[in-house]
Amino acid sequence: MSRTMEGTTPMPAPVQAAYRYCEAVTGQQARNFAYGIRLLPAGKRQAMSALYAFSRRVDDIGDGILAPDTKQARLEDTRALLDRIRKGDVENDDTDPVAVALADAAQRYPLPLDGLDELIDGVLMDVRGTSYETWDDLKVYCRCVAGAIGRLSLAVFGTQPGARGAERAPEYADTLGLALQLTNILRDVAEDAAGGRIYLPADDLAKFGCSDGFATGRPPAGADFDGLVHYEVRRARALFTEGYRLLPMLDRRSGACVAAMAGIYRRLLDRIERDPGAVLRGRVSLPGHEKAYVAVRGLSGLDARGIGRQGHGGRP
């Protein structure tokens, strides 16, 4: 028997199966993300899983071992699939479960699907080996691969009726995405360097004597690597402070989801700040009990209330 989603129309069995597939992908490949969205009601959790599964597909193409021209062709094929979803050309019995789930989510929520085009654009930057001279340059990339996902997520969450400053909610969601992505970049410095990639802005690297990169697994001789990391941590913290202004605009469970995901990354940032060299030794992560604490804190509304006391709509 087909069940309903949050009191809406019954969900056909093929769509239910498509969502189950997306939730399985999310649970297997995105532990931090999956940890946060489990706090959402079923319909929103399913829509977020569909968004993640599509995004994961795009990322996997970019991170794979195929030749660059083959990657570009597959990314454009994925863009064509997105266009089919946008036009309503994906049927419930389509053989692609991610397309079926995302098409259903787009009918249930006002998803700005152009954000997924931005994601594809960002991954194409990776495929082409784009480097970033300044923070403003890197922000363009971060907005494509993370800020756009923040805005898509906001379309699922929605804002509370009458929330003050709600017109700025997409801006805050975008900024929170930038904060998460910059934290990712810091966490993955060693892994990216091993793959021949450095995302940190060239002018920041030069400022701290790190222009030679980290392919050896340690900073260049005479570099102030700790200073570089602390500089980027301060930038990420400022982005979190701005992006957290979104929390009081969300309902309790959506706010808890955002607070949990962002809280995990803020704690990663704390660890990186305490021991900058850890990012060159391996991936910094949080134990399960610490993630559970972050989730409980989010559900309690402590983060949202704290931001609310600072006032709405202004910059920090």
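Just above sits the structure.
This is a predicted model, so every value here is computed, not measured.

Enquirer: Which residues make up the overall build of the chain, and what values do they have?
Expert: For the chain, the count of helices and strands is 15 helices and zero strands. Burial status across the chain gives 53% buried among its 316 residues. Within the chain, counting contacts between residues at least 6 apart in sequence, those at least 24 apart form 71% of the total. Split by element, the accessible area of the chain, about 14,200 Å² in all, is 50% carbon and sulfur.

Enquirer: Describe the pattern of salt bridges, and please don't skip the residues or the numbers.
Expert: Counted under the stated rule, the structure contains 30 salt bridges. One salt bridge connects Arg86 with Asp117, and the closest N-O pair in it is separated by 2.9 Å. Here Arg86, found in helix 4 (residues 68-87), pairs with Asp117, found in helix 6 (residues 114-127); they are 31 residues apart in sequence, far enough to count as distant. Taking relative accessible area as the criterion, Arg86 reaches 34% and is therefore assigned partly exposed. Residue classification places Asp117 among the buried positions, given a relative accessible area of 14%.

Enquirer: An account of helix 4 is requested, with residue identities and associated values reported.
Expert: An ideal rise of 1.5 Å per residue puts 28 Å on 20 residues; helix 4 measures up with 29 Å between its terminal C-alpha atoms. Those residues of helix 4 that sit buried are Lys71, Leu75, Thr78, Arg79, Leu81, Leu82 and Ile85. The arc that holds every buried residue of helix 4, seen down its axis, measures 160°, which confines them to one face. In helix 4, the exposed positions angled more than 90 degrees off the buried face are occupied by Asp69, Asp77 and Lys87. Looking at the buried side of helix 4, the elements it contacts are helix 3 (42-63), helix 5 (97-108) and helix 6. Remark: Gly88 follows helix 4 within two positions and exhibits a positive phi of approximately 75°.

Enquirer: Give me the packing of helix 1 (residues 13-29) against helix 5: which residues, what numbers.
Expert: Two numbers describe how helix 1 lies on helix 5: the axes approach to 8 Å, and their chain directions differ by 105°. Of the possible angle classes, the one that applies to helix 1 and helix 5 is roughly perpendicular. From helix 1, Pro14, Val15, Ala18, Tyr19, Tyr21 and Cys22 reach across to helix 5, where they touch Pro97, Val98, Val100, Ala101, Asp104, Ala105 and Arg108. Of the residues contributing to the contact of helix 1 with helix 5, the split by class is eleven nonpolar, no polar and two charged.

Enquirer: Explain the nonpolar core residue by residue, including any values.
Expert: With 99 residues, the main nonpolar core has Leu111, Leu116 and Phe214 as its most contacted residues. When residues of this core are assigned to their parent elements, the largest contribution, twelve residues, is made by helix 7 (residues 135-157). Excluding anything up to four places from it in sequence, Phe214 contacts Val189, Ala193, Ile198, Leu205, Pro219, Pro220, Phe225, Leu228 and Leu280.

Enquirer: Explain the packing of aromatic side chains to me, and be specific about the residues and the numbers.
Expert: Taken as a whole and judged by the stated rule, the model has six aromatic pairs. Residues Phe214 and Phe225 carry aromatic rings whose centres are separated by 5.3 Å and whose planes lie at 70° to one another, so their mutual orientation is edge-to-face. Remark: Phe225 occurs in helix 11 (residues 225-243) and Phe214 occurs in the loop between helix 10 (202-207) and helix 11; sequence separation between them is eleven residues. Here the two residues Phe214 and Phe225 agree in accessibility, since each one is buried. Relative to Tyr244, the ring of Phe240 has its centre 6.3 Å away and its plane inclined at 80°; by these criteria the two rings are edge-to-face. Neither residue differs from the other here; Phe240 and Tyr244 are each classed as buried. What links up through ring pairs into an aromatic cluster is the set Tyr132, Tyr141 and Tyr199. Over the ring of Tyr199 we find Arg197, and its NZ or CZ is 4.5 Å from the ring centre. Positioned over the ring face of Tyr244 is Arg266, at 4.8 Å from the centre of the ring.

Rules of the game
- Residues numbered from 1 in each chain as written.
- Predicted model: local features only at pLDDT ≥ 70, side-chain atom pairs only at ≥ 80, totals over all residues.
- Heavy atoms only, no water.
- Helix = DSSP H or I, 4+ residues; strand = E, 2+ residues; numbered from the N terminus.
- Buried < 20%, exposed > 50% of the residue type's maximum accessible area, 1.4 Å probe, protein only.
- Contact = heavy atoms within 4.5 Å.
- Areas by Shrake-Rupley, 256 points an atom, 1.4 Å probe, with all protein chains shown as cover.
- Salt bridge = Lys/Arg side-chain N within 4 Å of Asp/Glu carboxyl O.
- Expected span 1.5 Å × (residues − 1).
- Arc of directions from axis to C-beta.
- Axes fitted to C-alpha atoms, helices over the stretch in contact; angles between N-to-C directions.
- Parallel < 35°, antiparallel > 145°, perpendicular 65-115°, else oblique.
- Nonpolar A, V, L, I, M, F, W, Y, C, P; charged D, E, K, R; others polar.
- Core = buried A, V, L, I, M, F, W, Y, C linked by side-chain atoms within 4.5 Å.
- Phe/Tyr/Trp six-rings, centres within 6.5 Å; stacked < 30°, edge-to-face > 60°.
- Lys NZ or Arg CZ within 6 Å of the ring centre and 35° of its normal.

Purely spatial values, then, with no claim about function.
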